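# Results of the structural survey
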Amino acid sequence: MAITDELSTLRDDTLQRIEAAATTDELDAVRVSVVGKKGSLTGYLRSMGDVPKEERAAVGRTVNEVREAVEAALEARKAALSAAELSAAIDAAAVDVTLPGRAQQMGTRHLINGIIDEVSEIFLGLGYTVEHGPEVETDYYNFEALNAPPDHPSRSMQDTFYIRDLSGDEAAVRGESDVLLRTQTSGVQVHAMEDNPLPIYVIAPGKVYRRDVADPSHLPQFHQIEGLVVDKGITFGDLKGTLEFLCKAVFGPERKTRFRAHYFPFTEPSAEVDVSCGICHGEGCRMCKGTGWLEILGCGMVDPNVLRMSGIDPEVYSGFAFGMGVERIACLKYNVPDLRMLLEGDMRFLRQF
Ligand code: DAH
């Protein structure tokens, strides 16, 4: 085949490939393969020396014509493809008003606060008020005024974080500082009796601290809700009625409650309240350790000594008190097997509540 024929075949071929290129990248590949340094058309220019003299002018002209045609076609196709690619990019970046909106992840109330609010609402409905005591407390409010003087054996029921006394005081060094992180909200009972006129109907939610290692049923910091009623003629029947009402409101009307005799220094008599297990409904299972019952709170009639220490005459007034662990209530209500799950911040867990 004559070189000029080869060249016109190359031209037709290249023009076809240019039209077929679907992207600027494909188009560039065509350009490189034909008019690039090692391209097929460039090859003809390079080997011009091999062309017989008499044909050289004609071949040279044809190569130039083909190159001009190819370059013009490349230019035109490139403009078309770039415009299309640009408008596709704009489309991709633009707002599609037909798409459903992306939901904002809203913060929600944590389960622990949910239980505190729920219990607070129940008692507000019964005419109680809500009090908050200090988390850094003195020995007097956390123990002594609650009928647990120094060396009272009940103190060992709760291992205490003491606030170090920087004066180097001997007692403080031995871990017997007068200032501590409260181990129970029961101290708010004493504040409430000191600060309010009688009668008293209060609850006191808040954080408490104990020297415990976190495990499925212990946390070094957790929440309690304390309750205190002091009025004339208050009996154990009032306590039972109030707590049964609370249990049914929190756990549902089908759950049973029972009172078990217990000991607390600041109440006499004292009891622990159990609610029937929500998993086995009393049959006995792993959650309730086979007993069919779950312990939910401590309570009792306020010890006359406690009333007296806060300046209330136990001959005239009587009262009841109760205290519950919020994390424990949350786990029992929603069948969560491990207190620590409440604090891990795993959104897949927390979003369920
Ligand atoms: N303070 C007790 C505790 O932390 C719980 C408690 C028991 C509170 C009996 C009370 C009560 O008010 O009457 O273990």
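Above this note sits the structure.
Quick summary incoming for the structure in this document. (Residues numbered from 1 in each chain as written. Predicted model: local features only at pLDDT ≥ 70, side-chain atom pairs only at ≥ 80, totals over all residues. Heavy atoms only, no water.)

Around the ligand, a shell composed of 16 residues is seen, among which Gln 184, Ser 186, Arg 210, Gln 224 and Glu 226 lie nearest. Here a nitrogen atom of the ligand sits 2.9 Å away from a polar atom, N or O, in the side chain of Ser 186. Side-chain polar atom of Glu 226 to an oxygen atom of the ligand: 2.6 Å apart, as the coordinates give it. Within the residue set of the shell around the ligand, elements represented by two or more residues are strand 5 (221-231), strand 8 (293-302) and strand 9 (318-325). The residue makeup of the shell around the ligand, split by class, is five nonpolar, nine polar and two charged. (Near = heavy atom within 4 Å. Polar contact = N/O pair within 3.5 Å; in protein donor to acceptor, adjacent residues only side chain to side chain. Helix = DSSP H or I, 4+ residues; strand = E, 2+ residues; numbered from the N terminus. Nonpolar A, V, L, I, M, F, W, Y, C, P; charged D, E, K, R; others polar.)

Glancing now at the environment of Gly 101. The residue Gly 101 is located in the loop between helix 4 (53-93) and helix 5 (111-125) in this model. Classification of Gly 101 by relative accessible area gives exposed; the value is 72%. Put simply, Gly 101 and Asn 64 are 37 residues apart on the chain and 58 Å apart in space, counted from C-alpha to C-alpha. (Buried < 20%, exposed > 50% of the residue type's maximum accessible area, 1.4 Å probe, protein only.)

Right, let's get into the side chain of Arg 255. Along the chain, the position of Arg 255 falls in the loop between helix 9 (236-251) and strand 6 (257-264). Salt bridges are absent for the buried Arg 255, whose nearest opposite-charge side chain, Glu 254, sits at 5.2 Å. For Arg 255, the side chain forms a polar contact with the main-chain oxygen of Ser 276, separated by 2.7 Å. Setting aside residues no more than four positions away along its own chain, Arg 255 makes contact with Lys 248, Val 275, Ser 276, Cys 277, Gly 278, Leu 294 and Leu 332. (Lys, Arg positive; Asp, Glu negative; His and termini not counted. Salt bridge = Lys/Arg side-chain N within 4 Å of Asp/Glu carboxyl O. Contact = heavy atoms within 4.5 Å.)

Here the focus is the environment of Gly 311. Position of Gly 311 relative to the elements: it lies in the loop between helix 10 (304-309) and strand 9. The spatial distance from the C-alpha of Gly 311 to the C-alpha of Cys 280 is 47 Å, given a sequence separation of 31 residues.

It is worth spelling out the packing of aromatic side chains at this point. The relative placement of two aromatic rings is captured by the distance of their centres and the angle of their planes. Inspection of the entire model under this criterion finds nine aromatic pairs. Between Phe 123 and Tyr 128, the ring centres sit 4.8 Å apart and the planes meet at 65°, which makes this aromatic pair edge-to-face. Judged by its relative accessible area of 0%, Phe 123 is buried. Between the aromatic rings of Phe 349 and Phe 353, the centroid separation amounts to 5.2 Å while the plane-to-plane angle is 70°, which identifies the pairing as edge-to-face. With a relative accessible area of 10%, Phe 349 lands in the buried category. Through a chain of ring-to-ring contacts, three or more aromatic side chains come together here, namely Phe 123, Tyr 128, Tyr 201, Phe 320 and Phe 322. (Phe/Tyr/Trp six-rings, centres within 6.5 Å; stacked < 30°, edge-to-face > 60°.)

The buried fraction of strand 8 is high, at eight of 10 residues. Alignment of strand 7 (residues 267-276) against strand 8, held across eight bridges, turns out to be antiparallel. Bridged to Ser 276 within strand 8 is Trp 293. When strand 8 meets strand 9, the two strands line up antiparallel, connected through five bridges. Pairing of Gly 300 across the sheet is with Ala 321, part of strand 9. (Pairing = 2+ DSSP bridges.)

With that out of the way, let us pick up the environment of Gly 290. Following the sequence through the fold, Gly 290 ends up in the loop between strand 7 and strand 8. Take Gly 290: its relative accessible area is 47%, and that puts it in the partly exposed class. Ignoring any residue separated from it by four or fewer positions in sequence, one finds Gly 290 in contact with Gly 284 and Cys 285.

Moving on: the pattern of salt bridges. Throughout the structure, instances matching the rule amount to 10 salt bridges. The partner of Arg 260 in a salt bridge is Asp 274, and the shortest N-O contact between them spans 2.7 Å. Separated by 14 residues along the polypeptide, Arg 260 in strand 6 and Asp 274 in strand 7 bring together distant segments of the chain. Linking Asp 346 and Arg 348 is a salt bridge whose minimum nitrogen-to-oxygen distance equals 2.8 Å. Residue class for Arg 348 comes out exposed when judged on its relative accessible area of 67%. Connected via shared salt-bridge partners are Arg 258, Arg 260, Glu 272 and Asp 274.

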